[in-house]
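So the chains spell out like this:
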Amino acid sequence: MTERKPRKDATRNREAVFVAADALFADCGSPEDVTMADIAAAAGVGKGTLFRAFGDRTGLIRALYAARLEPLATAVAEGLPPLGPDTPPPVRVPALLDALLCFKLDNRHLALALERNGADSPYRTEHYERWHALLRDLLEQLPGRAGAGPADFAAHALLAATRADLVGYLAGEKSVPREELRADLAEFTASVIGAASG
């Protein structure tokens, strides 16, 4: 049985919703201020269309975040070095974290909306679990790993440095330049990798 393709108008509506939601989250004072009614009005679709397509506000945010993250996820899963799977762990770990930081900087309004939305812990989201598992596995492959601290905790600690609330605070309220944030993260990552492989 062949998989049904979405209708052209459904695909068009979905992209219009994503563009509208992206703009609203980028311009709002707080992600909580953006409602499904706001997004529907900005996209030019009925509110019922949103609920049928995404279930609820959380589902819409997750779908939009996944769509924006897809190019990076593809590069990590099957791309070339330094992000792709053929890259040695000591090179790949800092590259992955730098790419994730840049993604959060470019999409921090959306990442904040996802991290703050609903009662679910951000640590239980599918994308967080995927990134954590990847980093944990790479840390476990570092040379000289024997006797180092737990890779599971180290992966959490590294990902904590890319949390949207921290990135938003440093880049927004503290006005730390992008390249300085990237350099600071690289230095922190090197210290963790050094401790893990020392």
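Residues numbered from 1 in each chain as written. Predicted model: local features only at pLDDT ≥ 70, side-chain atom pairs only at ≥ 80, totals over all residues. Heavy atoms only, no water.

Caption draft 1: Structural context of the confidence of the model for the chain. Per-residue confidence for the chain averages 89 on the pLDDT scale, and 90% of its residues sit at or above 70. Ranking the elements of the chain by mean pLDDT puts helix H6 (residues 108-116) last, at 84, and helix H5 (residues 89-106) first, at 97. (pLDDT = per-residue confidence, 0-100. Helix = DSSP H or I, 4+ residues; strand = E, 2+ residues; numbered from the N terminus.)

Caption draft 2: Just the pattern of salt bridges, in detail. Overall, the coordinates contain nine salt bridges when judged by the stated rule. Glu 179 is the partner of Arg 182 in a salt bridge, and the nearest nitrogen-oxygen pair spans 3.3 Å. Of the two residues, Arg 182 and Glu 179 both sit in helix H10 (residues 178-197), three residues apart, roughly one turn of that helix. A network of salt bridges, in which partner residues are shared, links Lys 104, Glu 115, Arg 163 and Asp 165. (Salt bridge = Lys/Arg side-chain N within 4 Å of Asp/Glu carboxyl O.)

Caption draft 3: Fine view of the side chain of Lys 104. One can find Lys 104 in helix H5. By relative accessible area, which is 6% here, Lys 104 ends up buried. Excluding residues within four positions of it along the chain, Lys 104 makes contact with Tyr 65, Ala 111, Glu 115, Thr 162, Arg 163, Ala 164 and Val 167. (Buried < 20%, exposed > 50% of the residue type's maximum accessible area, 1.4 Å probe, protein only. Contact = heavy atoms within 4.5 Å.)

Caption draft 4: Layout of the nonpolar core. In terms of nonpolar packing, the biggest core is built from 55 residues, with Val 17, Phe 25, Ile 39, Leu 50, Leu 60, Leu 72 and Trp 131 touching the most fellow members. Looking at this core, the element that brings in the most residues is H5, giving nine residues. Ignoring any residue separated from it by four or fewer positions in sequence, one finds Leu 60 in contact with Val 17, Ala 21, Met 36, Ile 39, Leu 50 and Phe 54. (Core = buried A, V, L, I, M, F, W, Y, C linked by side-chain atoms within 4.5 Å.)

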